[in-house]
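# Architecture at a glance
Each chain, letter by letter, is given below.
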Amino acid sequence: MKFKILAIVFTGFLVGSCNNNSTKEKDSVVANDNKEAVTTSKEQTEAYTLFKNNCYACHSVITKSHNEIIAPPMVAVKNRYQKSFPTKEAFVKAVTTWVLDPKEENALMLGAVSQFKVMPKQPFKEEDVVKIAEYIYDNEIEQPEWFAKHFNTMHPNGMGMGGGMGKNRKMNQ
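Attention here is on the structure that accompanies the text. None of these values were measured; they are calculated from a predicted model.

Broken down by element type, the protein carries seven helices and zero strands. The order of helices and strands in the protein, counted from the N terminus, is α-α-α-α-α-α-α. Burial statistics for the protein: of 173 residues in total, 31% are counted as buried. When the accessible area of the protein is evaluated, it comes to approximately 11700 Å², of which 55% is carbon and sulfur surface.

See below:
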């Protein structure tokens, strides 16, 4: 939904920025800005498509309850990885490393591994995983309707060992 709103706002910006009374210099700057914005939008769309097509098969946001899932919701994955890897560079590297070679001894989400087992190794291209990890880091991730309540019930003082999100930073309900 937010993506659609951003696309509409972006389109409005593009249309509104086309002003025939502008000087050639201004037109050149606007054209360069729009080209960069279009490229960024195209990259975001590609990353979201990769994310949706490759991750939501197991990390679904449309499940009706925690009992229907086969892997933790991506919002939980993002929260846990951001806690341990707060910078974008570290986050992307950690997620990419895990996805390309998931092993129990390298697991960050021990509760998820206990419940779901280790994620099966997938035949993903590294550059696609990097795009997905960057998308996850840069964007708000959808969550199942039940997730916030489940999270706050299961983790009243935060996530697992180390306090996670803490009492004062519970998931939005």
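Tracing the chain through its elements places Asn139 in the loop between α6 (126-138) and α7 (147-154). Within polar-contact distance, the side chain of Asn139 engages the backbone oxygen of Tyr135 at 2.9 Å. Discounting residues that sit within four places of it in the chain, Asn139 has contacts with Gln44 and Lys78.

Bringing unusual backbone geometry into the picture now. With a phi angle near 80°, Lys117 is a residue other than glycine that sits in the positive phi range. Relative to the helices and strands, Lys117 is located in the loop between α5 (110-116) and α6.

Looking at the element boundaries, Pro73 is found in the loop between α2 (24-55) and α3 (74-84). Given a relative accessible area of 4%, Pro73 falls into the buried group. As for Pro73 and Cys55, which are separated by 18 residues in sequence, their C-alpha atoms are 9.5 Å apart.

Before going further, it helps to spend a moment on the packing of helix α4 (residues 88-100) against α6. Closest axis-to-axis distance for the α4/α6 pair is 9 Å, and the angle between their directions is 135°. By the angle between their directions, the pair α4 and α6 is classed as oblique. You can see that α4 and α6 cross each other, and the crossing is right-handed. Contacts between α4 and α6 involve Lys88, Phe91, Val92, Val95, Thr96, Val99 and Leu100 on the former and, on the latter, Glu126, Val129, Val130, Ala133, Glu134, Ile136, Tyr137 and Asp138.

Turning our attention to the packing of aromatic side chains. Working definition: an aromatic ring pair is given by the centre-to-centre distance plus the angle between the planes. The full count for this structure, using the stated rule, is six aromatic pairs. When the ring of Tyr81 is compared with that of Phe85, the centres are 6.1 Å apart and the planes differ by 25°; the resulting orientation is stacked. Its relative accessible area of 6% is what places Tyr81 among the buried residues. Taken together through their ring pairs, the aromatic side chains of Tyr48, Phe51, Tyr56 and Tyr135 make up a single cluster.

Analysis parameters
- Residues numbered from 1 in each chain as written.
- Predicted model: local features only at pLDDT ≥ 70, side-chain atom pairs only at ≥ 80, totals over all residues.
- Heavy atoms only, no water.
- Helix = DSSP H or I, 4+ residues; strand = E, 2+ residues; numbered from the N terminus.
- Buried < 20%, exposed > 50% of the residue type's maximum accessible area, 1.4 Å probe, protein only.
- Areas by Shrake-Rupley, 256 points an atom, 1.4 Å probe, with all protein chains shown as cover.
- Polar contact = N/O pair within 3.5 Å; in protein donor to acceptor, adjacent residues only side chain to side chain.
- Contact = heavy atoms within 4.5 Å.
- Axes fitted to C-alpha atoms, helices over the stretch in contact; angles between N-to-C directions.
- Parallel < 35°, antiparallel > 145°, perpendicular 65-115°, else oblique.
- Left-handed = near helix turned anticlockwise from the far one by under 90°.
- Phe/Tyr/Trp six-rings, centres within 6.5 Å; stacked < 30°, edge-to-face > 60°.

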